[in-house]
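These are the residues of each chain, in order.
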Amino acid sequence: MRTLIGKSLALAAFGMFGAFASYAEAQTAEITFHKDIEPILQRSCQSCHRVGGAGPMPLTSYEQVAPFAGLIEYKTGLRDRAGAMPPWYVEKDIGIQEFKDDPSLSDAEIAAISTWARGGAPQGDPADAPEPLFFDDSVKWTAGEPDLIVRMADVTKLAGTPDWWGEIESAPTGLTEDRYVKSVEIVEVNDVNNQAGTGRETVGGRYIFHHMIWSTAQLDENGQRLPGTVRSWPVHEVGRNADIFDEDAGRLLEADSWVVSNSVHLHSNGVDTTGRLEIGFRFHERDYKPKYQNAFISLGNGVDISINGNEKNQELHAYTVLDEHTKVITFEPHLHAPGERMCLEAIWGYTIETLSCVGYDHNWVRGYPYADHAAPLLPKGTILHIVGYMNNTESNPNVPDPRNWQGSGNRSVTNMFIDLGIRVTMTDEQFFAAMKERRETLNLGPNDHVIGCPLCLAPLVAPIDDGVMAQLDVSAP
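Thresholds, definitions, all that
Residues numbered from 1 in each chain as written. Predicted model: local features only at pLDDT ≥ 70, side-chain atom pairs only at ≥ 80, totals over all residues. Heavy atoms only, no water. Helix = DSSP H or I, 4+ residues; strand = E, 2+ residues; numbered from the N terminus. Buried < 20%, exposed > 50% of the residue type's maximum accessible area, 1.4 Å probe, protein only. Contact = heavy atoms within 4.5 Å. Areas by Shrake-Rupley, 256 points an atom, 1.4 Å probe, with all protein chains shown as cover. Pairing = 2+ DSSP bridges. Axes fitted to C-alpha atoms, helices over the stretch in contact; angles between N-to-C directions. Lys, Arg positive; Asp, Glu negative; His and termini not counted. Salt bridge = Lys/Arg side-chain N within 4 Å of Asp/Glu carboxyl O. Polar contact = N/O pair within 3.5 Å; in protein donor to acceptor, adjacent residues only side chain to side chain. Expected span 1.5 Å × (residues − 1). Parallel < 35°, antiparallel > 145°, perpendicular 65-115°, else oblique. Left-handed = near helix turned anticlockwise from the far one by under 90°. Nonpolar A, V, L, I, M, F, W, Y, C, P; charged D, E, K, R; others polar. Disulfide = S-S within 2.5 Å.

(A) Structural detail: the overall build of the chain. Each helix and strand in the chain was counted, giving eight helices and 24 strands. Looking at the chain as a whole, 49% of its 477 residues are labelled buried. If you take every contact in the chain between residues at least 6 apart in sequence, the share linking residues at least 24 apart comes to 79%. Total accessible area on the chain stands at roughly 23600 Å², and carbon and sulfur atoms take up 53% of it.

(B) Seen up close, the sheet that holds strand β18 (residues 339–348). The strand order across the open sheet built from four strands is β14-β22-β18-β19, with neighbouring strands paired in antiparallel fashion. A single partner strand is all that each edge strand has here, and the edge strands are β14 (311–321) and β19 (351–359). The sheet shows a mean angle of 20° between the axes of neighbouring strands, taken without regard to direction. Summarising the sheet, β14 and strand β22 (residues 383–392) pair through nine bridges and their orientation is antiparallel. The residue of β22 that forms the bridge with E311 is N392.

(C) Region of the structure containing the side chain of E185. Within the secondary structure, E185 is located in strand β5 (residues 179–190). Buried and unpaired, E185 has R282 as its nearest opposite-charge partner, separated by 7.5 Å. Among the polar contacts listed, one links the side chain of E185 to the side chain of T142, at a separation of 2.7 Å. Not counting residues up to four positions away in its chain, the partners in contact with E185 are K140, W141, T142, A143, A242, E278, I279 and G280.

(D) Here's a closer look at helix α6 (residues 428–442). Taking 1.5 Å per residue as the helical rise, α6 with its 15 residues ought to reach 21 Å, and the 21 Å between its terminal C-alpha atoms agrees with that figure. Residues of α6 that are buried in the fold lie against β15 (325–328), β21 (377–378), β24 (423–426) and α7 (458–461). Of the residues flanking the end of α6, it is N443, one or two places downstream, whose phi is positive at about 50°.

(E) Representation of the packing of helix α4 (residues 69–77) against helix α5 (residues 107–118). With their axes 9 Å apart at the nearest point, α4 and α5 run at an angle of 155° to one another. Put simply, α4 runs roughly antiparallel to α5. Between α4 and α5 lies a crossing of left-handed hand. The residues of α5 that touch α4, namely those facing A69, G70, I72, E73, T76 and G77, are I110, I113, S114, W116, A117 and R118. Residue composition of the contact of α4 with α5, by class: six nonpolar, four polar and two charged.

(F) Molecular detail of the state of the cysteines. As enumerated under the stated definition, the model contains two disulfides in all. Bridging C343 to C357, the disulfide has an S-S length of 2.0 Å. Looking along the S-S bond of the C343-C357 disulfide, the torsion reads about 110°, which is the right-handed sense. Residue C343 is located in strand β18, and its partner C357 is located in strand β19; the two are separated by 14 residues in the primary sequence. Note on C357: relative accessible area 2%, which makes it buried. The partner cysteine of C453 in its disulfide is C456, sulfur to sulfur 1.9 Å. Sign of the S-S torsion, about 75° for the bond between C453 and C456, identifies this disulfide as right-handed.

Now the structure itself:
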């Protein structure tokens, strides 16, 4: 009896396996390059991976893509960790999930790429292919053609020379009138032939500028910055996307100003390279006036960073208390080589809520701009908390020698721990109006939940007199 049962089970199992194999083959046959994979590449990959693009190989035709099917499967499967492609590291299972210009792949798209690659990378019917994209290589600005471009001076970094950190030559904006800026974008222009396979796998790959901390200012006859005219702008880092400011909080660029910086970090990319940074400003209309104030809130820890050698999952923490109602426009983790991920939390009363967790790759520094209806609206008194997770072991490819203890510093072999995100402050009236708009936009009911807006539902759950709400402070529950 046991033998018969065993044979029956074996036959049944074999039949099920055969059916599964046939199903898998059918599924594989359904996923082809032209029908399923090419649209994904067009949306999220080809802007860089094309002839003349920043990517190391073009991915615009089947013949170009098929040899890299396994590598594409591996890179996209990393999803939100260093090395992932496309370089967008928001973790999909926690926090806010709606961002502007999000190129990331869905679970279904990643699964399709994997099935296609493991099934022999079938080409499929060319008639299923989408129309090819046209790329104008004369346009290098992702945020749109700038109204003003400031070109910094050329610098040369020789192969094999040590990192350099210091001040570079200031450059005039040439602006003759004050203008409010809606976006700023910085690109590196150099003489590296990215398709030639030159250079080496360093931080930044084909680039020589790792970062520039910069401001604009008016200068006196001796080239010194005039007091009261210095204005800080978002830090440029290698691989960084453009900064799109809140529509109601444009940044002021003053007439007769200069771009100044005493904190530029250059590194060798393995070949003698001459390059420069170009800054592209897009302006609001001349009669534009900002509604919100830009907030320069310090959130980081550069004093007591201590990262042990040969140890992973080490944590760093930093906190700040919001003195004003605040809208968080972008989340931008800044770590150095051991950094693997950072999370942003909001603590309000007894509530601790994770707003975002993102992976970190020192080769592709990203700013993550929240969608307008998802940007956190935090009342004054909220505590912002960042947590950084460090991996100082040989499993982290960005760490040159994991035996070393690491502390604070400007060099890539030392560390920083900062959220460089953009934020704006609001008056009571503006804050309550923004929450009301959020409720209407999302059609919120009393049983809904809004990540990052702890008071959005208060008028729905327990209506509160506007006069009381206007006095809201850190003591509120």
